[in-house]
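In case you want the letters, here they are:
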Amino acid sequence: MAPRSRTRRPQPQVRRRTPDVRRRLVALLAVLGVLFTVVVGRLVMIQGVSPDKYVAVGESQRLRDVVLPAGRGAMFDRNGRDLALTIPQKTVWANPHLVTDPLAAAKALSPVLHVDEAVLGDRLSRDAGFVYLARKVDDKVVAQVEKLHLSGVFFLDEPKRFNPAGDLAGPLLGVVGTDNEGLSGLELQFEKKLKGTPGELRVERDPYGNEIASGDRSFTPAQPGDDLVLTIDRSLQYETEKALSEEIVKSNSKGGTAIVMDPKTGEILSMANLTYDGADSGKAPYPSINNTAVTSVYEPGSVNKVITIAAALEEGLVAPDTTLAVPDHLRVADHVFSDHDPHPLKQWTVTDIMATSSNIGTIMIGKQLGKTRLDAYLRKFGLGSKTGLGFPGEPRGLLLDPKKWSGTSIGTVPIGQGLAVTALQMLDAYNTVANGGVLVTPKLVKATVDGEGTQAPTPASPRRRVVSEKTADQVKHMLTEVVKVGTGTEAAIDGYTVAGKTGTARKPYKGGYKQGAYLATFAGFVPAENPRLSAIVVLDEPAQMYGGLVSAPVFAKVAQYGLRLFRIPPPRPQSTPADTKITDPDAAKTADVAPPSTASTATTARPTTTSTPPR
Amino acid sequence: MAGHLPVPEQIPLPLPEVQERRLRLVRAGELSPRARRRRNRLVAFGVSVVLCAGLFGVVAFHVVLTQGQLQLDQLHDTADAQQALYDRNRLLVAELESPERIVKVAQERLGMVPPPDVTYLSPTGIKVETRGGDEHTATADDDTDPTSTSWPAVKAHLAGSR
């Protein structure tokens, strides 16, 4: 028996498989190596090179920032009564992705939200996660929407601005936009103070949107805007608007402006601006779009004579009892100016000239003064520059450089033509007289109140001397004569001495003057002995054009109310200084009610380019 | 045929196992292996208990924290609701106080009419000396600024409310 060989026969399969497996293993290793390298590379990219991006993505999924709107500061009148305040209101919004039937939802919401069904349908069908349906709706609407039980329709709080007194002082307070940003008036002027600083709440939420109690949380509280305590008195503001409105309707004016101030402090106590569309419109006068008392300029007319005469007195050119021979017309360059009423040559004192509002007398004084000094005094009284109130849209007014004056300018400027002022600028000039020659910058904000309730009074208004106290007193006495026996008798208040001046100016129109269109003004202060209230009333195109007839009564009404409101008793009766007494009261009384038809250039020998300046 | 037989392989006999005896010095107080095992079990048990207690504590702390957060949220919601209510009431009061509304109610609901003329009775003014030496007429509000007197009463309940 042959011995069994211990060596096995070679097995070809095994020999073939061994190197193949090795190759495959190597290949697999290589593939795994590549994949591993890719993974490692990616990890390096994510963790090392650009981690911030992915951290941000992660945070955006977990963390939610909620902007906390800052409460807009309120506005109060000087007694702490609300004039403008912000209240949270509900805004209706939707997530269209969650709305099951957009068209049905739109149909149901349309009559409740008062939004067109097609508009709502379009919004609810958008490929978006958030759409507004109606912003800042009242509670009744919210309740109605809730009753509909619509999926995907939600509410959020948004602050809304309210003026609880309605349109009262509307042009002064201004308006805010949809997002509560100031657009006009004080809302715009004090936007930075009122709006505050929004806060932020950052919370970590789970996938279901619930806040994770121990998660990341940061809270930056909103800083509410400051409240403003205005110098306005709500009651006086109402009375001012009421009196102005009544006179506008009575005189069928296009509108009117009235300002009441405390001349000592420069505080504006009320400021009314009304527009009237005429009796045919069937509407009562309504608040103007702009605060025209500060933002619109007009030719002041005769109220400007106060500055001319104050300047001449200050320069020592005339005294209150200086007598001038005043004709009823006067040629200046190529223009003949005339007084309102024809009269023979009059021996009038300066006080007479003021009381009768004589154009010729004032021009004669203006000519003595000269254009350089006259211009300097106009500017010293605040004309041609902003008042310092800082109100949005306030103009400087228009004062022509004396170098550019025409030959007739020395005739027009002294009587308030050829220049343009705001009503506030002109009232400032009268306040200067009331304050013994010191001009006080007007102010509208008495104090600010921060979120903690701390009240910070605004600094006292800057003041500067314009004319001496003696000059101011002399002018003051002249102005009392205007009201006692001159053109402003309608401004008189029983028991009080009123000082003031009337003005009737033509409205400029296309390089000339609008035929039959006048602005009637009365500016003055009370009590004359110790002025506590000053006011200016301007009526736009009244049927009766004289300031003494239409504006002076409004002054009297408003001032009388103000005197009671601020409990200002009448002063002890004082005799008028002899040197300022009017010498021709009858002439003044007659002039006050003279028919407008007498105002013409009939006395001029040749045609002139401008018509006779009215009183 | 006589063959040549292979020599049988000699298989070595296994050596008898000799158990090595390891001897060492035993320190005084050293635990026996059994005692050591018991101690290890006790330690393991203790660690487990501490871990469980710790975990329970963490969970309990989390629950307390969550409850606190919920309470805080509820308080915030209540404060917001009360603030909103206050704001609405403030607006309502301001609207009710507005001069226009009062006049409207007086005229339309109560039938009141404005008098055709108002006559005021005015006392003669009393002259007083001011610090500057100049005379002026005393008034009720000479020494009292309307803002400074009435404001705190109004603002007191507004302060810090927003």
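Since we're looking at a predicted model, the values are computed, not measured.

Regarding its fold elements, chain A presents 19 helices and 24 strands. Of all 615 residues assigned to chain A, the portion counted as buried reaches 52%. Carbon and sulfur atoms provide 55% of the accessible area of chain A, an area that totals close to 27,900 Å².

Residue and element names in this part refer to chain A. Residues Val-21, Leu-25, Leu-28, Val-31, Leu-32 and Leu-35 make up a contiguous nonpolar surface patch of roughly 540 Å² in combined accessible area. Residue placement: Val-21 occurs in helix α1 (residues 12–49). Of the residues examined, Val-21 reaches a relative accessible area of 40% and is grouped as partly exposed.

We now examine the packing of helix α1 (residues 33–97) of chain B against helix α2 (residues 99–109) of chain B. Residue and element names in this part refer to chain B. With their axes 5 Å apart at the nearest point, α1 and α2 run at an angle of 55° to one another. When the interaxial angle is binned, α1 and α2 end up oblique. When α1 is examined against α2, the residues Glu-95, Leu-96 and Glu-97 are found in contact with a partner set consisting of Pro-99, Arg-101 and Ile-102. In terms of residue class, the contact of α1 with α2 is built from three nonpolar, no polar and three charged.

In this section: the pairing of strand β15 (residues 335–338) of chain A. Residue and element names in this part refer to chain A. Neither face of β15 is exposed, since His-335 and Phe-337 on one face and Val-336 and Ser-338 on the opposite face are all buried. Sheet topology note: the strand β14 (residues 329–332)/β15 ladder contains four bridges and is antiparallel. Counted as the bridge partner of Arg-331 is Val-336 from β15. Between β14 and β15, which follow one another and run antiparallel, lie two residues, and Ala-333 among them has a positive phi close to 55°.

So, on to the sheet that holds strand β7 (residues 217–220) of chain A. Residue and element names in this part refer to chain A. If you trace the three strands from one edge of the open sheet to the other, you get β1-β6-β7, paired in antiparallel fashion. If you trace the sheet from one side to the other, it starts and ends with β1 (63–68) and β7, each paired once. Here the strands of the sheet are splayed against their neighbours by 15° on average, with no regard to which way each runs. As judged from the six bridges shared by β1 and strand β6 (residues 199–204), these two strands associate in the antiparallel manner. Bridged to Val-67 within β6 is Glu-200.

This part takes up the pattern of salt bridges. All names here are of chain A. All told, the structure shown has 27 salt bridges over all chains when counted by the stated rule. In this structure, the salt-bridge partner of Asp-77 is Arg-81, at a minimum N-O distance of 3.3 Å. For Arg-81, a relative accessible area of 27% puts it in the partly exposed group. Where salt bridges share partners, they join Lys-254, Lys-507, Lys-514, Asp-540 and Glu-541 into one cluster.

Once that is clear, we can look at a positive patch on the surface. Residue and element names in this part refer to chain B. A cluster of basic residues, Arg-34, Arg-37, Arg-38 and Arg-41, forms a positive patch on the protein surface. Within the element layout of this structure, Arg-41 appears in helix α1. A residue is classified by how much of its surface remains accessible, and Arg-41, at 53% relative accessible area, is exposed.

Turning our attention to the sheet that holds strand β9 (residues 255–262) of chain A. All names here are of chain A. Strand order across the open sheet formed by six strands is β11-β10-β9-β24-β23-β22, with antiparallel pairing between neighbours. Lying at the two open borders of the sheet, with one neighbouring strand each, are β11 (286–287) and β22 (499–509). Where helix α17 (residues 469–484) meets the sheet, its contacts fall on β22 and β23 (512–526), and the angle it forms with β22 comes to roughly 80°.

This brings us to the packing of aromatic side chains. Residues and elements named next belong to chain A. Tallied over the entire structure, the rule returns four aromatic pairs over all chains. A centroid spacing of 4.8 Å and a plane angle of 25° characterise the contact between Trp-93 and Phe-130, whose relative ring orientation is stacked. One end of the pair, Trp-93, is in strand β3 (residues 82–94); the other, Phe-130, is in the loop between α4 (117–124) and β4 (131–137), with 37 residues separating them in the sequence. According to the relative accessible area criterion, Phe-130 is partly exposed, its value standing at 38%. Relative to Phe-154, the ring of Trp-93 lies with its centre 4.8 Å away and its plane at 35°, an arrangement referred to as tilted. One end of the pair, Trp-93, is in strand β3; the other, Phe-154, is in strand β5 (residues 153–162), and 61 residues separate them in sequence. Taking relative accessible area as the criterion, Trp-93 reaches 17% and is therefore assigned buried. Chaining the aromatic ring pairs together yields one cluster made of Trp-93, Phe-130, Tyr-132 and Phe-154.

All names here are of chain A. If you look at the biggest cluster of nonpolar residues, it comprises 81 residues, and the most contacted ones within it are Leu-186, Leu-230, Ile-259, Ile-268, Phe-381, Leu-479 and Ile-536. By residue number, the principal contributor to this core is helix α16 (residues 423–434), which donates eight residues. Setting aside its immediate chain neighbours within four residues, Leu-186 contacts Met-75, Leu-172, Leu-173, Gly-174, Leu-194, Leu-230, Phe-391 and Leu-444. Ile-248, Leu-269, Val-498 and Val-537 belong to the second largest nonpolar core, which has 32 residues in total.

Residues and elements named next belong to chain A. Where helix α14 (residues 371–380) is concerned, the buried positions are Leu-374, Asp-375, Tyr-377 and Leu-378. Projected onto a plane normal to the axis of α14, the buried residues spread over an arc of 165° and lie on a single side. Buried residues belonging to α14 abut α11 (305–314), α13 (359–369) and α15 (409–412). The first or second residue beyond α14 is Gly-382, which carries a positive phi of 100°.

With 70% of its residues at a pLDDT of at least 70, chain B reaches an overall mean of 74. The ipTM, which scores confidence in the relative placement of chains, is 0.72 for this predicted complex, and the corresponding pTM is 0.76.

Further remarks concern the packing of helix α9 (residues 234–251) of chain A against helix α18 (residues 547–565) of chain A. Residue and element names in this part refer to chain A. Interaxial distance between α9 and α18 falls to 10 Å at its minimum, and their mutual angle equals 160°. With respect to each other, α9 and α18 are oriented roughly antiparallel. Remark: the crossing between α9 and α18 carries right-handed chirality. In this structure, α9 contributes Ser-235, Leu-236, Glu-239, Thr-240, Ala-243, Leu-244, Glu-246, Glu-247 and Ser-251 to the contact, and α18 contributes Val-550, Pro-553, Val-554, Lys-557, Val-558, Tyr-561, Gly-562 and Leu-565. Here the residues of the contact of α9 with α18 are counted per class, giving nine nonpolar, four polar and four charged.

Parameters at a glance
Residues numbered from 1 in each chain as written. Chains lettered and ligands numbered in written order. Predicted model: local features only at pLDDT ≥ 70, side-chain atom pairs only at ≥ 80, totals over all residues. Heavy atoms only, no water. Helix = DSSP H or I, 4+ residues; strand = E, 2+ residues; numbered from the N terminus. Buried < 20%, exposed > 50% of the residue type's maximum accessible area, 1.4 Å probe, protein only. Areas by Shrake-Rupley, 256 points an atom, 1.4 Å probe, with all protein chains shown as cover. Patch = residues over 30% accessible without salt bridge, like charges linked within 9 Å, V, L, I, M, F, W, Y side chains within 5 Å. Salt bridge = Lys/Arg side-chain N within 4 Å of Asp/Glu carboxyl O. Axes fitted to C-alpha atoms, helices over the stretch in contact; angles between N-to-C directions. Parallel < 35°, antiparallel > 145°, perpendicular 65-115°, else oblique. Contact = heavy atoms within 4.5 Å. Nonpolar A, V, L, I, M, F, W, Y, C, P; charged D, E, K, R; others polar. Pairing = 2+ DSSP bridges. Lys, Arg positive; Asp, Glu negative; His and termini not counted. Charge placed at Lys NZ, Arg CZ, Asp CG, Glu CD. Phe/Tyr/Trp six-rings, centres within 6.5 Å; stacked < 30°, edge-to-face > 60°. Core = buried A, V, L, I, M, F, W, Y, C linked by side-chain atoms within 4.5 Å. Arc of directions from axis to C-beta. pLDDT = per-residue confidence, 0-100. Left-handed = near helix turned anticlockwise from the far one by under 90°.

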